[in-house]
Amino acid sequence: MRRYAPNVPETLPLAACAPSRVRGAGGERAGWYVRLMTASEDVRYADDDPEYATDAAAEIDVEGAGLVAEDPQNVPADLGDSRTAEPPTGTAAAGEA
Amino acid sequence: MPSASGLSRDQRIRCRDRVVQAARLTLANKEHTHYTEGPLRWDGIKNRKDAEIGQFPEYSDCSSFATWCLWNGLVLRFGLGDIVNGAGWTAGYTGTMLEYGLPVRYPSNVLPGDCVIYGSGPPGVHCAVIVDMVNGTPMVISHGSEPGPFYLAYNYRPDVLQIRRYI
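Residues numbered from 1 in each chain as written. Chains lettered and ligands numbered in written order. Predicted model: local features only at pLDDT ≥ 70, side-chain atom pairs only at ≥ 80, totals over all residues. Heavy atoms only, no water.

Asks: Now, about the overall build of chain B: what can you tell me, with residues and values included?
Replies: Helix and strand counts for chain B stand at four helices and eight strands. Listed N to C, the secondary structure of chain B is α-β-α-β-α-α-β-β-β-β-β-β in terms of helices and strands. Relative to a compact globule of 167 residues, whose C-alpha radius of gyration would be 15 Å, chain B shows 14 Å and is just as compact. Its C-alpha atoms put chain B at 35 × 35 × 30 Å along the principal axes. Residues classed as buried in chain B amount to 68% of the 167 residues present. Taking all contacts inside chain B whose residues are at least 6 apart in sequence as the whole, residues at least 24 apart take part in 60%. A total accessible area of about 4,700 Å² is found for chain B, and carbon and sulfur atoms account for 51% of it. Charge-centre separation for chain B: the mean point of 16 positive side chains lies 7 Å from the mean point of 15 negative side chains. (Helix = DSSP H or I, 4+ residues; strand = E, 2+ residues; numbered from the N terminus. Rg over C-alpha atoms; globule rule 2.2 N^0.38 Å. Buried < 20%, exposed > 50% of the residue type's maximum accessible area, 1.4 Å probe, protein only. Contact = heavy atoms within 4.5 Å. Areas by Shrake-Rupley, 256 points an atom, 1.4 Å probe, with all protein chains shown as cover. Lys, Arg positive; Asp, Glu negative; His and termini not counted. Charge placed at Lys NZ, Arg CZ, Asp CG, Glu CD.)

Asks: Give a detailed account of the environment of P122 of chain B, specifying residues and quantitative values.
Replies: Residues and elements named next belong to chain B. Counting through the fold element by element, P122 comes out in the loop between β4 (115-118) and β5 (126-134). Looking at P122, the relative accessible area reads 23%, which means it is partly exposed. With 40 residues separating them along the chain, P122 and Q162 place their C-alpha atoms 9.6 Å apart.

Asks: Run through the side chain of R157 of chain B, naming residues and quoting values.
Replies: Note that R157 of chain B resides in the loop between β7 (150-153) and β8 (160-165). A distance of 2.8 Å separates the side chain of R157 of chain B from the side chain of D159 of chain B, its partner in a polar contact. (Polar contact = N/O pair within 3.5 Å; in protein donor to acceptor, adjacent residues only side chain to side chain.)

Asks: Run through the packing of aromatic side chains, naming residues and quoting values.
Replies: By the definition in use, this model includes one aromatic pair over all chains. An angle of 70 degrees between the planes, with centres 5.5 Å apart, marks the rings of Y118 of chain B and Y156 of chain B as edge-to-face. Here the residue Y118 of chain B occupies a position in strand β4, and Y156 of chain B occupies one in the loop between β7 and β8, the gap between them amounting to 38 residues. A single burial state applies to Y118 of chain B and to Y156 of chain B, both of which are buried. Directly above the ring of F78 of chain B sits R77 of chain B, whose terminal nitrogen or CZ lies 5.2 Å from the centroid. When the ring centre of Y52 of chain A is taken as reference, the NZ or CZ atom of R165 of chain B above it lies at 4.7 Å. (Phe/Tyr/Trp six-rings, centres within 6.5 Å; stacked < 30°, edge-to-face > 60°. Lys NZ or Arg CZ within 6 Å of the ring centre and 35° of its normal.)

Asks: Just give me the short version of the nonpolar core, but keep the residues and values in it.
Replies: All names here are of chain B. Among the nonpolar cores identified, the biggest contains 38 residues, and W68, C69, L70, L74 and M97 are the most heavily contacted of them. Within the residue set of this core, elements represented by two or more residues are α1 (9-28), α3 (62-74), β4, β5 and β6 (137-142). Leaving out residues up to four positions away in the same chain, L74 has contacts with S5, L7, C15, G79, L80, I83, V84, W89, Y166 and I167. (Core = buried A, V, L, I, M, F, W, Y, C linked by side-chain atoms within 4.5 Å.)

Asks: Can you break down the side chain of R18 of chain B residue by residue, with the values?
Replies: With respect to the element layout, R18 of chain B can be found in helix α1. R18 of chain B has contacts with D50, E52, N72, G73, L76 and R77 of chain B, leaving out every residue within four places of it along the chain.

Asks: Please give an account of the pattern of salt bridges that cites residues and values.
Replies: For the structure shown, the criterion picks out 11 salt bridges over all chains. Between R105 of chain B and D48 of chain A there is a salt bridge whose closest N-O contact spans 2.5 Å. Taken together, the residues R105 of chain B in the loop between β3 (102-103) and β4 and D48 of chain A in the segment after α2 (31-38) connect one chain to another. R18 of chain B is paired through a salt bridge with D50 of chain B; the nearest N and O atoms lie 3.3 Å apart. Of the two residues, R18 of chain B is situated in helix α1 and D50 of chain B in the loop between α2 (43-46) and β2 (59-60); the sequence distance between them amounts to 32 residues. Look at D50 of chain B and you get buried, because its relative accessible area is 16%. (Salt bridge = Lys/Arg side-chain N within 4 Å of Asp/Glu carboxyl O.)

Asks: Any details on the sheet that holds β6 of chain B? Residues and values, ideally.
Replies: Residue and element names in this part refer to chain B. The six strands are arranged β3-β8-β4-β5-β6-β7 in an open sheet whose pairing can be described as antiparallel. Each of the sheet's edge strands pairs with one partner strand only, and the pair in question is β3 and β7. Running over the sheet, α1 touches β5, β6, β7 and β8 and is turned about 105 degrees from β5. Sheet strands in contact with α3 are β4, β5 and β6, and its direction is about 50 degrees off that of β5. (Pairing = 2+ DSSP bridges. Axes fitted to C-alpha atoms, helices over the stretch in contact; angles between N-to-C directions.)

Asks: Give a description of the environment of F65 of chain B that names residues and reports values.
Replies: Residue and element names in this part refer to chain B. In this structure, F65 sits in helix α3. When its relative accessible area of 1% is taken as the criterion, F65 is described as buried. For the pair F65 and A22, spaced 43 residues apart in sequence, the C-alpha separation works out to 9.4 Å. Among residues more than four places away in sequence, those in contact with F65 are A23, T26, S60, V129, I141 and H143.

Have a look at this one:
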């Protein structure tokens, strides 16, 4: 069976992903997520790379001003995506330089 | 070691601005954009919708929306190949998005333009684009249903599978 992401365990610690533990995790180092990611060895993590160390500088103007977050309770359930990478349909290189 | 995209720091910053601009533009025009899982979901890229001149996809689903946002920065600004789905910018879904880019270890280290992929395991079932941080919480624009997209905390649903960086 094809593995789509070799760095992701086939079986996730679902219990560790219980909503009660995820909600409110905010931007802190959510323990369940870190355990999941560190369980994957031999993986190059983007945030371990010093190349990105200064990317978070305030030069990026992405303040959330004007945006009001939705209450997840008021958002319809996600329908997901197509669950398949459909073959090219004649639009090849539509965005290629 | 090169970044996921191979862009320089200054280029990455400009690229992220374009990705966020694309996502926010679509959010601001949510009444004119619709959710579909059919072939029309590639409207944004197929018809070369450029957010910088106010264009946005009329139809998309979560992964084609995220891909279009990244395409605005990676292709329209820097002319890069498909480093998001590896399909020549013509196809893809969360499964292919998990094959490209780099994972982010800590949610606190996310940057605008990173993508959150949701699901109980590969290949994932949903994705969203990170656009900013509010009080330390990464915020996403997610187009997972009609009438989306929505602006939400990244952990608005409990099954965060991975955060990935393509820029």
